[in-house]
Amino acid sequence: MIDFLQQGGYAGYVWSAFGMTFGLLLIEILQLRSSHRTTLTRIARLVRLRTPRRKPAAGAGQDSGAASAKP
Amino acid sequence: MLSVFYSVLARDILLALRRRTDVLTTLFFFIIVISLFPLGVGSEREQLQALGPGVVWVAALLASMLALERLFAADYDDGTLEQLLLTGQPLALLVLAKVLAHWLLTGLPLVLIAPLVAMQYHLEATAVWVMMAALAVGTPVLSLIGAIGAALTLGLRGGGILLSLLILPLYVPVLVYGAGAVTVSAIEIADTEPYFYLLGAFLLGALVLAPLAAAAALRISLE
Amino acid sequence: MTINWFKFASPAAFYPIAGRLIPWFGGIAAVLVLIALYWGFFETADRLGGSNPQKEYYRIIFVHVPAAWMSMWLYLVLAGWSAVGLVFNTRLSFMMAKAVAPTGAIFTFLALWTGALWGRPSWGTYWDWDPRLTSELLLFFLYIGYIALHSAIDDMRRADRAAALLAIVGLVMVPVIYLSINCPDPNQCAALHQRSDPGSIHPSILIPMLTMTLGLWSYSFAAVFARLRNIILSRESDNAWVRDVVAKEAV
C-alpha cells in the first residue's frame, strides 16, 4: 500500500497529475449542478414575479432554499 | 469597383493625415518598447544581438495591434460604417482598402524606422535589410488578421484588451518566421529565402481570406 | 433511413433528450475511468525499459494523452458546431458550441498541467518550448479567446455569431500555427518531425490509455449536455415549456 502511494518516489508528480485531472472534473460537475439549480430558481422567481399575485402571502415563499428543504 | 477601393483608401489616408498624432503615437510606442528592453535585460552586445530580432518583432506585433482598435472605431461611431455596408459594393473590398490605408499609416512607418532601432541592438547591415524586408512582408499580414479581430470586437467595452487576447495567438506564425529570418541572416551558410517564401504565402493567404472574414465579422457586429 | 434531424435541433426538443442521456454518459464515463485507473495502476509494469527507460511517473500518460486528445477533438467539435450554426442559422448549434468551450479549455489546461508534471522527471524541466507543448498552449489561448469574446458581447445573437466566426478563423489558423511551431526553421523542417505510432505502444499501456480516452470522451458528452441544458433554460426562459420544466424540477 505504501509502495503504491509512493509510486517509486514519484508520488508528487503522479498524484498531482491525477489529482488535478479528477479534481477539476469534479469541480466542473459540481459547478454544473449548482448552476443548474440557480438557473432553475432564477427562472422560477421570474415566473413568480410575472404572474399576478393572487395570494398576498406569495411573497413569503420567496426563499427558495427554505421551500426546497421541505420534501 | 476599383474606384470604390481608391476612394475609401484616399479618404482614410486623408482623415488620418489630419490627425497625425495617432500615427506618431504608434510609431513612438514601437520605439519606446524596443528601447526599454536593453534597460531590462542588460546591454551586453551579444545578448542584444541575439534578442534584437525577436524584440523588434514583438514590438511590431504590439504596436500594430494597438493601432487596430482605431481601424473601424471612428467609422463605427459616426455611422459611416453602416453606410459602407449599405453601398452594395463588395464589403470585403472596402475592408481591404481600409486595411491597406491602415497599414500605410501604421505598418509602413515601422518598416522605415527599423534600421534606427536595429542600431540599438547592434545588428549587422545584412540583418537590418532582412529585417526591413521581413517587416515589409509580415506587417501587412498582421493588419489583415487583426482586421478580423477589430471587426469582431467593434464597440465592445474593453475591446482593446479583448482584441489582444483574440489576435495575438494568431500572430504566432508571422512572429516565428519574421524573427527567424532575421536571426538566420546572421549565419553565413543559412538561407533566408524559405522564410520569405513562407511569409509571402501567409501574405497571399491573408489577402484573400482575411478581408472576407473581416467583412463577415463586420456584418455580424453591425446587424 | 431518414430521420428528421431538424426535429432535434429545437432547444425544447433537445432539452429532455439531453437530460435522459446525461446519466448514461456519466455512468459509462465513471465505469471506463475506473477500469482505466485500475488497469493503469495495477496491471502495468512499474518501470519501462527500452531505449528510453521510464519509471513510475510514466503513468501520467494515462491522463495526459487522453486529455490532450480531448482538448483537440473538442476544439474541432466547437468549430464544427460554430460552422453549422453560421450556415444553417440554428440556435442549438451555437448553444452546443458555447457548451463545449469550457470543457475543452479544462482539458487543454489538464494536458498542459500533466505534461509539465511528466516533463519534470523525464526531461528535467516543467516546461520546454517543444512543438506539442507550445501548440497546446496556443490552443488554450484560442479557447480562452472564444469564451472571452462570447462573454464580452451582451447581445446574444451577435455573441453567438461573432464567437463562431472566431472559432472558425482559429481553426483555419491552427495548421499554420502548428507548422510554424513545428518547424521554426523551414530549412530543416523535415528533421524536426517526431511521430509516435500507436502500434508501437505496449498493449498494457495502450489499453488503459484508450479506455481513459473513451471515459473522458463520455464524460465530455455528459458535461457538455449538462451545460447545454443550463444554457437552453436561461435563454428560453420566456417560453411556456421552460416554465413547465421549472415547475417540475425546482420543487
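Residues numbered from 1 in each chain as written. Chains lettered and ligands numbered in written order. Predicted model: local features only at pLDDT ≥ 70, side-chain atom pairs only at ≥ 80, totals over all residues. Heavy atoms only, no water.

The name given to chain A in an unreviewed UniProt entry is Heme exporter protein D, with Halochromatium glycolicum as the source organism. Recorded in UniProt for chain A, the comment headed Subcellular location (unreviewed entry) runs: "Cell inner membrane". Among the UniProt annotations of chain A, the heading Function (unreviewed entry) holds the following wording: "Required for the export of heme to the periplasm for the biogenesis of c-type cytochromes." (UniProt positions renumbered as here; feature names shortened; annotations may be inferred.)

> Hey, could you run me through the overall build of chain B in this one?
Within chain B, the secondary structure is distributed over 9 helices and 0 strands. Residue burial in chain B is summarised as follows: out of 223 residues, 54% are buried. Sequence-distant contacts in chain B: of pairs separated by 6 or more residues, those separated by 24 or more amount to 81%. Of the roughly 10,000 Å² of accessible surface on chain B, a fraction of 69% belongs to carbon and sulfur atoms. (Helix = DSSP H or I, 4+ residues; strand = E, 2+ residues; numbered from the N terminus. Buried < 20%, exposed > 50% of the residue type's maximum accessible area, 1.4 Å probe, protein only. Contact = heavy atoms within 4.5 Å. Areas by Shrake-Rupley, 256 points an atom, 1.4 Å probe, with all protein chains shown as cover.)

> Is there a simple way to think about the overall build of chain A in this case?
The secondary structure content of chain A amounts to 3 helices and 0 strands. When the helices and strands of chain A are listed from N to C terminus, the series reads α-α-α. A total accessible area of about 4,900 Å² is found for chain A, and carbon and sulfur atoms account for 64% of it.

> Please explain unusual backbone geometry as it appears in this structure.
Most of the time, phi is negative for any residue but glycine, and the peptide bond is trans. Notably, His122 of chain B is not glycine yet its phi reads approximately 55°, a positive angle. Within the chain, Asn89 of chain C stands out as a residue other than glycine whose phi angle is a positive 60°.

> Where do I start with the nonpolar core in this structure?
Taken as a class, soluble globular proteins show a tendency for nonpolar side chains to be buried jointly. If you look at the biggest cluster of nonpolar residues, it comprises 167 residues, and the most contacted ones within it are Phe30, Trp57 and Phe72 of chain B together with Leu78, Phe107, Leu149 and Leu228 of chain C. Per-element accounting of this core gives the leading share, 16 residues, to helix H6 (residues 125–152) of chain B. (Core = buried A, V, L, I, M, F, W, Y, C linked by side-chain atoms within 4.5 Å.)

> How should the interface of chain C and chain B be read in this particular structure?
The figure often quoted for interface size is the accessible area lost as the parts come together. Listed as interface residues are 29 residues of chain C and, on the opposing side, 28 residues of chain B. Approximately 2,500 Å² of surface area, both sides summed, lies buried where chain C meets chain B, with 72% of it carried by carbon and sulfur atoms. The residue Asp154 of chain C makes a salt bridge to Arg157 of chain B at a minimum N-O spacing of 3.0 Å. Applying the counting rule to chain C against chain B returns 4 residue pairs in polar contact (both at pLDDT 80 or more). Breaking the side of chain C that touches chain B down by element, the ones donating at least two residues are helix H5 (131–152) and helix H6 (156–182) of chain C. With 14 residues, the single largest contributor to the side of chain C that touches chain B is H6 of chain C. Split into classes, the residues belonging to the side of chain C that touches chain B amount to 20 nonpolar, 4 polar and 5 charged. (Buried area = accessible area lost by both parts, 1.4 Å probe. Salt bridge = Lys/Arg side-chain N within 4 Å of Asp/Glu carboxyl O. Polar contact = N/O pair within 3.5 Å; in protein donor to acceptor, adjacent residues only side chain to side chain. Nonpolar A, V, L, I, M, F, W, Y, C, P; charged D, E, K, R; others polar.)

> Even after reading the chapter, I still don't get the confidence of the model for chain A, so can you show me in this structure?
Chain-level pLDDT for chain A is 73 on average; 63% of the residues reach the 70-or-more range. Here residues 58–71 of chain A is modelled with pLDDT under 50, and outside its nearest four sequence neighbours on either side it reaches 5 contacts, counting other chains as well. (pLDDT = per-residue confidence, 0-100.)

> Just to check I follow, could you spell out the interface of chain A and chain C for this structure?
In this assembly, 27 residues from chain A lie in contact with 39 residues from chain C. Between chain A and chain C, a total of about 3,100 Å² is buried, with carbon and sulfur atoms accounting for 75% of that surface. For chain A, the biggest contributors to the area lost against chain C are Tyr13, Phe18 and Glu28 of chain A; these three give 19% of the whole. Here chain A and chain C share 1 salt bridge between them. Among the ionic pairs, Arg227 of chain C bridges to Glu28 of chain A, the shortest N-O distance being 2.7 Å.

> Sorry, what's going on with the UniProt feature "transmembrane region" (unreviewed entry) in chain A here?
Under the UniProt annotation, "transmembrane region" (unreviewed entry) lies at residues 12–32 of chain A. Between the C-alpha atoms that bound residues 12–32 of chain A there is a distance of 29 Å. The span itself is 100% helix and 0% strand.

> I keep staring at the packing of aromatic side chains and nothing clicks. Help me out?
By convention here, two paired aromatic rings are described through the distance between centres and the angle between planes. Residue and element names in this part refer to chain C. On inspection of all chains with the given rule, the structure shows 16 aromatic pairs over all chains. On the numbers, 4.5 Å between centres and 10° between planes, the contact of Phe25 with Phe221 is stacked. One end of the pair, Phe25, is in helix H2 (residues 11–42); the other, Phe221, is in helix H8 (residues 203–235), with 196 residues separating them in the sequence. For the pair Phe109 and Phe140, a centre-to-centre distance of 6.4 Å together with 40° between the ring planes defines the contact as tilted. Of the two residues, Phe109 sits in helix H4 (residues 91–123) while Phe140 sits in helix H5, which places them 31 residues apart along the sequence. Taken together, the ring pairs in this structure connect Phe14, Phe25, Trp217, Phe221 and Phe225 into an aromatic cluster. (Phe/Tyr/Trp six-rings, centres within 6.5 Å; stacked < 30°, edge-to-face > 60°.)

> What should I look at first to understand the environment of Leu66 of chain B in this one?
Residues and elements named next belong to chain B. Tracing the sequence through the fold places Leu66 in helix H3 (residues 45–77). The exposure class of Leu66 is partly exposed, given its relative accessible area of 37%. Once the C-alpha coordinates of Leu66 and Thr26 are considered, the two residues, 40 residues apart in sequence, prove to be 7.5 Å apart.

> Hey, could you run me through H3 of chain B in this one?
In an α-helix there are 3.6 residues to a turn, and that puts residues three or four apart on one side. Residues and elements named next belong to chain B. With 33 residues, H3 should reach 48 Å at 1.5 Å per residue; the first-to-last C-alpha distance of 48 Å fits that figure. At Gly52, H3 is bent by approximately 45°, the largest bend along its length, and proline Pro53 sits one to four residues beyond. Gly79 sits one or two residues past H3 and shows a positive phi near 85°. (Expected span 1.5 Å × (residues − 1). Bend = angle between axes of the 7 residues up to and from the residue.)

> I would appreciate a short explanation of the packing of helix H2 (residues 11–50) of chain A against H2 of chain C in the present structure.
In a packed pair of helices, the relevant descriptors are the angle between the two axes and the axis-to-axis distance. One way to put it is that H2 of chain A packs onto H2 of chain C with a least axis distance of 14 Å and a crossing angle of 165°. When the axis of H2 of chain A is compared with that of H2 of chain C, the two are roughly antiparallel. Helix-helix and strand crossings are classified by hand; for H2 of chain A and H2 of chain C the assignment is left-handed. Taking contact as the criterion, the partners of Val14, Trp15, Phe18, Phe22 and His36 of chain A in H2 of chain A are, on H2 of chain C, Tyr15, Val33, Leu37 and Phe41 of chain C. Here the residues of the contact of H2 of chain A with H2 of chain C are counted per class, giving 8 nonpolar, 1 polar and no charged. (Axes fitted to C-alpha atoms, helices over the stretch in contact; angles between N-to-C directions. Parallel < 35°, antiparallel > 145°, perpendicular 65-115°, else oblique. Left-handed = near helix turned anticlockwise from the far one by under 90°.)

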